[in-house]
Amino acid sequence: MTIPFFSFKPQTSLLKKDYLKVFERFIEDEYYILGKSVQKFEEEYANFSNTKYCVGLSNGLDALHIALRALEIGEGDEIIVPSNTYIATWIAVSQVGATIVPVEPNIDYYNIDCDLIESKITSKTKAILPVHLCGQCCNMEKIMALAKKYSLYVIEDNAQAQGASFKQQLTGSFGDINATSFYPAKNLGALGDAGAVTLNNENHCSKVKSIRNYGSHKKYYNELIGYNMRLDECQAAILSTKLKYLNEWNKQRNEIADWYIENLNKCDKVILPKTEPDATHVYHLFVIRSEQRDELKTFLEMQGIGTLIHYPIPPHLQKAYQHLNYKIGDFPIAELLARTSLSLPIWPGMTKEMVDYVCDNIIKFYSK
Ligand SMILES: *Cc1c(COP(=O)(O)O)cnc(C)c1O
């Protein structure tokens, strides 16, 4: 059996006819930029997220960047971010010239450790930027309480957790301006690059819309130096088609995760992912941990099983951030996760037989 780390096949066979219809209509409409499809998807995704507004954007990194820009965060401002995130979170902060203040994750949940945030807050702190990593919602109750106490903005990085929640409230609806990504392999993915912000404040919404379109609300009248960060009209129509299945696909991901946990509970050599009480998980990634991670990865590869490492090098040790002069040992939990994490295949349409095959081989590896 070969099991790829990720496969679009089940989605494609379900939706190919719809994709072709979308594309046909898109060509015939002859309205290719910021037209009806973007507006329709924005309404639908705001509705899904339980927010007043959604603004469609070019990708997830731009969504984080525009959120920071719209809140007028820049040089001299400190932003609290997790030490163990995809580098996009850090890059967005760098793009506006603000200062990155990394905070270690909780070792059980892999999300920012909310109990470590307060000691990092200074008079320069402007925002907390939590990341709902792997698909699990952060403890937003603690984060929002801190934000309120110190008058800080909150920007959620919701690229990996569309549809997850904390105490029944959905990701992307807590913070001031919240970013998400529709990179193809995300839980809701386009057929190319795409992203969005979700928010409730009308002024912020208007500012984001201006910045994404050259700093302009009215054609050829520019109120600020903006960007071109527009969501593509065709991708918006594809996203509308796929949004209808997001809850069902998240349910399937949870089912697969349950099968993994049930099978691998027997194996005391692997550490399984845990979900915080009051949080829900949409398993963008199913990450196990093992001291023999690299040997296990190679073994599974030989059995035809694709796995990935999210992420092999934490941001503070990336060459891109060498100017910050961090060294090994500065963020030991992020480093431990980078050294021991292994993401197993998880995608809608993956069968129980496939999960059993992966688990059997993991158990076989450890019984050698
Ligand atoms: C994917 C991702 C992003 C960036 O999204 P792009 O659309 O690829 O720019 C940002 N943050 C996290 C946590 C991500 O997983």
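Preceding block: the structure.
Computed from a predicted model, the values in this text were never measured in an experiment.

Asks: Just checking my understanding: could you explain the sheet that holds strand 9 (residues 195-199) for this structure?
Replies: Sheets are built from strands paired through backbone hydrogen bonds, the pairs being either parallel or antiparallel. Here we have 3 strands laid out as an open sheet, ordered 1-9-8, and antiparallel in their pairing. Looking at which strands have only one partner, the edges of the open sheet turn out to be strand 1 (53-57) and strand 8 (177-181). On average, each strand axis in the sheet is tilted by 20° relative to the strand beside it, whichever way the strands run. Direction of pairing for strand 1 relative to strand 9: antiparallel, over a ladder of 5 bridges. Of the residues in strand 9, the one forming a bridge with Val-55 is Val-197.

Asks: Mind showing me how you'd approach a negative patch on the surface here?
Replies: Side chains of Glu-24, Glu-28, Asp-29 and Glu-30 sit close together on the surface and give a patch of like negative charge. Here Asp-29 lies in helix 1 (residues 9-29). Classification of Asp-29 by relative accessible area gives partly exposed; the value is 42%.

Asks: Whenever I open this one, the site of the ligand confuses me. Can you help?
Replies: The immediate surroundings of the ligand are formed by Asn-59, Gly-60, Leu-61, Tyr-86, Ala-88, Val-131, Asp-157, Ala-159, Gln-160, Ser-181, Tyr-183 and Lys-186. A distance of 2.7 Å separates an oxygen atom of the ligand from a polar atom in the side chain of Ser-181. Against a free-state accessible area of 380 Å², the protein chains account for coverage of 91% of the ligand.

Asks: Looking at this model, I keep getting lost on the sheet that holds strand 5 (residues 153-154). Mind explaining?
Replies: With respect to topology, 4 strands assemble into an open sheet ordered 3-2-4-5, the strand pairing being parallel. At either end of the open sheet lies a strand with only one pairing partner, and these are strand 3 (99-103) and strand 5. Bridge count between strand 4 (residues 125-128) and strand 5: 2 bridges; the pairing is parallel. From the neighbouring strand, Ile-128 faces strand 5, where its bridge partner is Val-154. Running at roughly 150° to strand 3, helix 4 (residues 87-95) makes contact with strand 2 (78-82) and strand 3 of the sheet.

Rules of the game
Residues numbered from 1 in each chain as written. Predicted model: local features only at pLDDT ≥ 70, side-chain atom pairs only at ≥ 80, totals over all residues. Heavy atoms only, no water. Pairing = 2+ DSSP bridges. Helix = DSSP H or I, 4+ residues; strand = E, 2+ residues; numbered from the N terminus. Axes fitted to C-alpha atoms, helices over the stretch in contact; angles between N-to-C directions. Patch = residues over 30% accessible without salt bridge, like charges linked within 9 Å, V, L, I, M, F, W, Y side chains within 5 Å. Areas by Shrake-Rupley, 256 points an atom, 1.4 Å probe, with all protein chains shown as cover. Salt bridge = Lys/Arg side-chain N within 4 Å of Asp/Glu carboxyl O. Lys, Arg positive; Asp, Glu negative; His and termini not counted. Charge placed at Lys NZ, Arg CZ, Asp CG, Glu CD. Buried < 20%, exposed > 50% of the residue type's maximum accessible area, 1.4 Å probe, protein only. Near = heavy atom within 4 Å. Polar contact = N/O pair within 3.5 Å; in protein donor to acceptor, adjacent residues only side chain to side chain. Contact = heavy atoms within 4.5 Å.

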